[in-house]
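# Residue-level structure breakdown
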Amino acid sequence: MKQKFIDNGYKIVNFEEIADIYIVNTCTVTNMADRKSRQILRRPKQINPNSLLVIVGCYVQVGKKELEKIEEIDLILGNNEKNNILEYVEKYKEKQSIVSDINNQKEYKDFGETTYTEKVRAFIKIQDGCNNFCSYCIIPFARGRVRSRKIENVVSEITDIAKKGIKEVVITGIHIASYGIDFDKKIGLIDLLEKINKIDGIERIRLGSLEPKLITEQFLEKLSKLEKICDQFHMSLQSGCDETLKRMNRRYTTQDFEKGVKILRNAYPNSLLTADIIVGFPGETEEEFNTTYDFLKKIGFYKIHTFKYSKRKGTIAEKMPNQISNKLQEERSKKIIELSNDMQNKYNDSYIGKKVKVLFEEKEGEVYKGHTSNYMLIRVKAEENLENEIKVVQIENNSLIGKIL
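Predicted, not measured: the structure shown is a model, and the values here were computed from it. (Residues numbered from 1 in each chain as written. Predicted model: local features only at pLDDT ≥ 70, side-chain atom pairs only at ≥ 80, totals over all residues. Heavy atoms only, no water.)

Right, let's talk about the side chain of R332 for a bit. Relative to the helices and strands, R332 resides in helix α13 (residues 326-349). Classification of R332 as buried rests on a relative accessible area of 3%. Among the polar contacts listed, one links the side chain of R332 to the side chain of E286, at a separation of 3.2 Å. Residues within four places of R332 in sequence aside, it is in contact with V279, E284, T285, E286, F289 and I324. (Helix = DSSP H or I, 4+ residues; strand = E, 2+ residues; numbered from the N terminus. Buried < 20%, exposed > 50% of the residue type's maximum accessible area, 1.4 Å probe, protein only. Polar contact = N/O pair within 3.5 Å; in protein donor to acceptor, adjacent residues only side chain to side chain. Contact = heavy atoms within 4.5 Å.)

The next thing to look at is a negative patch on the surface. Together, D242, E243, D256 and E287 make up a region of like negative charge exposed at the surface. Examined against the element boundaries, E243 turns out to sit in helix α10 (residues 242-248). Residue classification places E243 among the partly exposed positions, given a relative accessible area of 48%. (Patch = residues over 30% accessible without salt bridge, like charges linked within 9 Å, V, L, I, M, F, W, Y side chains within 5 Å. Areas by Shrake-Rupley, 256 points an atom, 1.4 Å probe, with all protein chains shown as cover. Salt bridge = Lys/Arg side-chain N within 4 Å of Asp/Glu carboxyl O. Lys, Arg positive; Asp, Glu negative; His and termini not counted. Charge placed at Lys NZ, Arg CZ, Asp CG, Glu CD.)

Okay, a nonpolar patch on the surface next. Taken together, the side chains of V62, F133 and F141 make up a nonpolar region of the molecular surface, amounting to roughly 220 Å² of accessible area. For F141, the location among the structural elements is in helix α6 (residues 139-143).

Across the sheet, four strands lie side by side as β6-β5-β7-β8; this open sheet has mixed pairing. Strands with a single pairing partner mark the edges of an open sheet, and in this sheet they are β6 (147-148) and β8 (204-207). Of the strand pairs in this sheet, strand β7 (residues 168-173) and β8 are connected by four bridges, and their pairing is parallel. The residue bridging V170 from the neighbouring strand is R206, located in β8. Of the strands in this sheet, β5 (121-128), β7 and β8 are in contact with helix α8 (residues 189-197), which crosses β8 at around 160°. (Pairing = 2+ DSSP bridges. Axes fitted to C-alpha atoms, helices over the stretch in contact; angles between N-to-C directions.)

Read these as spatial facts, not as claims about activity.
If you want it as structure tokens, here you go:
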């Protein structure tokens, strides 16, 4: 969306500055996300009462009626309408709410040739929607069913990106493991990755969140042959207890997950694994939480993204018995965060003295920052310009400060 406006002559300013148009892209994954979205809606008109305030995103899909009552909002657009945001803004005349039924969307709506990138990497969305209906999740209602982007469109976009000198692409989506299930032909995520791997100029392909069931011997046999794949994998675990996973409707067991991790580490010995965990899910006993804690310790993740369960209206979990108190959720969250920090420190210690390849992204003061292929953040002092350069670095301490060799 941002790039569309840039390409058409608009100047992008900080959200706190005076602007003619303010766009809020909302999230609805948790109650906190809804609250933050509502809080930010009042600011633009306070800064510039004559500005146009446009609200888009997932909260719009599930909270349209609430948003229509807020006087400050001028234009409300659903997820299906986001790719035409420029046209809606330029034709705006009076307060409108344009939100189509996302569940009736059968094909992926492409933004066209518009690509927004960071300095050295681009985020490539390959699919939208989810068919899983986990018991706690509102996303299928906000994003609809799985729609995969055509392979030729993805390849064309990344080819153009490579010509601009971008070396790394991050493959994203709501549920990238489901890529291709809506196509008539048997095409999956691995088929797309094989095509991307052949694009000249791209040196790194990083994957977004993966589902445990995607990690099979067959998948990894093909994946490991693609030399540009980064050895960093984010796993959507959510719980390390089978009873909790069953109530979540996650459709895999901890045994399935552990098997997937073994396959991954056999193919990528230096791989860095991260995971999502929800604490305080309805019915989570102390024993279940301890089972999760022990499982996380056993797997040995580099980092654990910890979320306290958030009740979402319209989901099965909303009506489940034995809802966990905020206080207990906070206690359990703190324990997982402490475990995550401890595991990260131990992992960093194991890299002291090692040599790694770093793609440098930006300079902060006298220090350049960049990431290894397994996404460790490395810092070095250097006088030469390192931006968008890949260099060999020797790590000197636990803070991952190193020197260029």
